[in-house]
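# Summary of structural features
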Amino acid sequence: FNLGEAIRIFLKWKKHIVIVCVLAVVTSAIVTKFFMPDYYWSASTFYTANQGISDRTIMFNTEKAADVNYYGDKEDINRALTISNSGPVIGYAIEKFNLVTRYEIDTNKKGWRSKLRKNFLENYRAVKTENNAIEVSVLDVDPKVAADMANDIVAKIDEINRKHVNENKERQLTLFSEQIVQQQQQLQHYGDTLATLGQRFNIKVTSSGAEGKNLVQGADLKIVEIYKALLSEQENLMKEMNKRISIKDQLEIATKNNA
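A brief structural summary. For clarity, every value in this text was computed on a predicted model and none was experimentally measured.

Conventions and cut-offs
Residues numbered from 1 in each chain as written. Predicted model: local features only at pLDDT ≥ 70, side-chain atom pairs only at ≥ 80, totals over all residues. Heavy atoms only, no water. Helix = DSSP H or I, 4+ residues; strand = E, 2+ residues; numbered from the N terminus. Buried < 20%, exposed > 50% of the residue type's maximum accessible area, 1.4 Å probe, protein only. Areas by Shrake-Rupley, 256 points an atom, 1.4 Å probe, with all protein chains shown as cover. Pairing = 2+ DSSP bridges. Axes fitted to C-alpha atoms, helices over the stretch in contact; angles between N-to-C directions. Parallel < 35°, antiparallel > 145°, perpendicular 65-115°, else oblique. Contact = heavy atoms within 4.5 Å. Nonpolar A, V, L, I, M, F, W, Y, C, P; charged D, E, K, R; others polar. Phe/Tyr/Trp six-rings, centres within 6.5 Å; stacked < 30°, edge-to-face > 60°. Core = buried A, V, L, I, M, F, W, Y, C linked by side-chain atoms within 4.5 Å. Expected span 1.5 Å × (residues − 1). Bend = angle between axes of the 7 residues up to and from the residue. Polar contact = N/O pair within 3.5 Å; in protein donor to acceptor, adjacent residues only side chain to side chain. Patch = residues over 30% accessible without salt bridge, like charges linked within 9 Å, V, L, I, M, F, W, Y side chains within 5 Å. Salt bridge = Lys/Arg side-chain N within 4 Å of Asp/Glu carboxyl O. Arc of directions from axis to C-beta.

## Considering the overall build of the chain
Counting its secondary structure elements, the chain contains 10 helices and 5 strands. Burial status across the chain gives 29% buried among its 259 residues. Surface exposure of the chain reaches about 17,900 Å², of which carbon and sulfur atoms provide 54%.

Written out as structure tokens, the structure is:
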């Protein structure tokens, strides 16, 4: 058997081959036209936002804010794309649009969940475009359902994406809040100690000069030095706590803006 033999057989049966091919094409066209349902394609394209734009270091620094790009970078795009094809998004679409019924999946059969997921993924796509956007597209026999599904999936992607970003900020808020409470307790302890020393040893504190420095006076020089040291630690702790309160307030604003 060689190429010449194959050509000879083809020429001998070419009419039959042509007839079979034509019948196959015609049959396929008829089945597609009259028996296969029409599918409608709907797509929603979006650009990811730069999640760092709502960071407190950007929001409260005018110089840095001027250089920040509103749209997300490669990391933002990859994160959103991963979420687009993740289990929570797929599960949300399956449940929200009741795809078990829509795809006529028999839940009594083994592996029906895998079949359901496979059917959905055959009609769903989330990819990065050449212009660095993300395109979410859906196929369905109902054009309105296809459009609703694409738009709802995009909204869900955005919700999950923001939630992940805010979780880190919320952890920071919790940490700063705990530290502030601890510092308030320490300040209360310093205040009680200084009040006790002042009353017991008749220590007087006055503000002197334009700089407002504290002048500590008392009969016992050793106690006066201890009082000065405690007073200095109290002042430093107060400054540190005020900085933490300022950062905490900035984090709260940044979290709300990214909610």
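## Some details on the sheet that holds strand E3 (residues 134–140)
Note on sheets: strands pair through backbone hydrogen bonds, and any given pair is parallel or antiparallel. Strand order in the open sheet formed by 3 strands is E1-E3-E2, with antiparallel pairing between adjacent strands. Two strands bound the open sheet, and with one partner strand each, they are strand E1 (40–46) and strand E2 (124–128). Within this sheet the neighbouring strands show an average axis-to-axis angle of 15 degrees, counted without direction. The pairing of E2 with E3 spans 5 bridges and is antiparallel.

## A few points about the packing of helix H6 (residues 87–96) against helix H8 (residues 112–122)
The geometry of H6 relative to H8 is characterised by a closest axis approach of 11 Å and an angle of 95 degrees between their N-to-C directions. Overall, the two elements H6 and H8 adopt an arrangement that is roughly perpendicular. Together, Ile90, Ala93 and Ile94 of H6 and Leu116, Arg117, Phe120 and Leu121 of H8 make up the contact between the two elements. Taken together, the residues of the contact of H6 with H8 break down into 6 nonpolar, no polar and 1 charged.

## Here we look at the packing of aromatic side chains
Tallying each qualifying case throughout the model produces 1 aromatic pair. Ring centres of phenylalanine 120 and tyrosine 124 lie 4.9 Å apart, and the angle between their planes is 20 degrees; this geometry places the pair in the stacked category. We classify phenylalanine 120 as buried; its relative accessible area is 1%.

## Regarding the nonpolar core
Of all hydrophobic cores here, the largest spans 27 residues; its most connected members are Leu99, Phe120, Tyr124, Val136, Met149 and Ile153. When residues of this core are traced back to their parent elements, those giving at least two are helix H5 (74–84), H6, H8, E2, E3 and helix H9 (143–201). It is H9 that contributes the most residues to this core, 7 residues altogether. Setting aside residues up to four positions removed in sequence, tyrosine 124 forms contacts with Ser84, Asn85, Val89, Val136, Ser137, Val138 and Ile153.

## Describing H9
The first and last C-alpha atoms of H9 sit 86 Å apart over 59 residues, in line with the 87 Å expected at 1.5 Å per residue. In the structure, H9 departs most strongly from a straight axis at asparagine 166, where the bend amounts to approximately 25 degrees. Capping the start of H9 is the job of one residue whose side-chain oxygen sits 2.9 Å from the backbone nitrogen of lysine 144: aspartate 142. In the stretch just after H9, asparagine 202 is the one whose phi turns positive, near 55 degrees.

## Overview of a nonpolar patch on the surface
Where nonpolar side chains cluster on the molecular surface, the patch consists of Ile9, Trp13 and Ile17 and spans about 250 Å² of accessible area. Here isoleucine 17 shows up in helix H2 (residues 14–34). The exposure class assigned to isoleucine 17 is partly exposed, which follows from its relative accessible area of 35%.

## Remarks on the side chain of lysine 248
Checked against the element boundaries, lysine 248 lands in helix H10 (residues 221–257). In this structure the side chain of lysine 248 is engaged in a polar contact, spanning 2.9 Å, whose partner is the side chain of glutamate 252. Sequence-distant contacts of lysine 248, defined by excluding residues within four places in its chain, comprise Leu173, Phe176, Ser177 and Ile180.

## Observations concerning H5
Turning to H5, its buried residues are Asp76, Ile77, Ala80, Ile83 and Ser84. End-on, the buried residues of H5 take up no more than an arc of 130 degrees, which puts them together on one face. H5 presents Lys74, Glu75 and Thr82 as exposed residues on the side facing more than 90 degrees away from its buried surface. Of the surrounding secondary structure, the elements contacted by the buried residues of H5 are H6, E2, E3 and H9. The backbone nitrogen of glutamate 75 lies 3.2 Å from a side-chain oxygen of the residue at the head of H5, namely aspartate 73.

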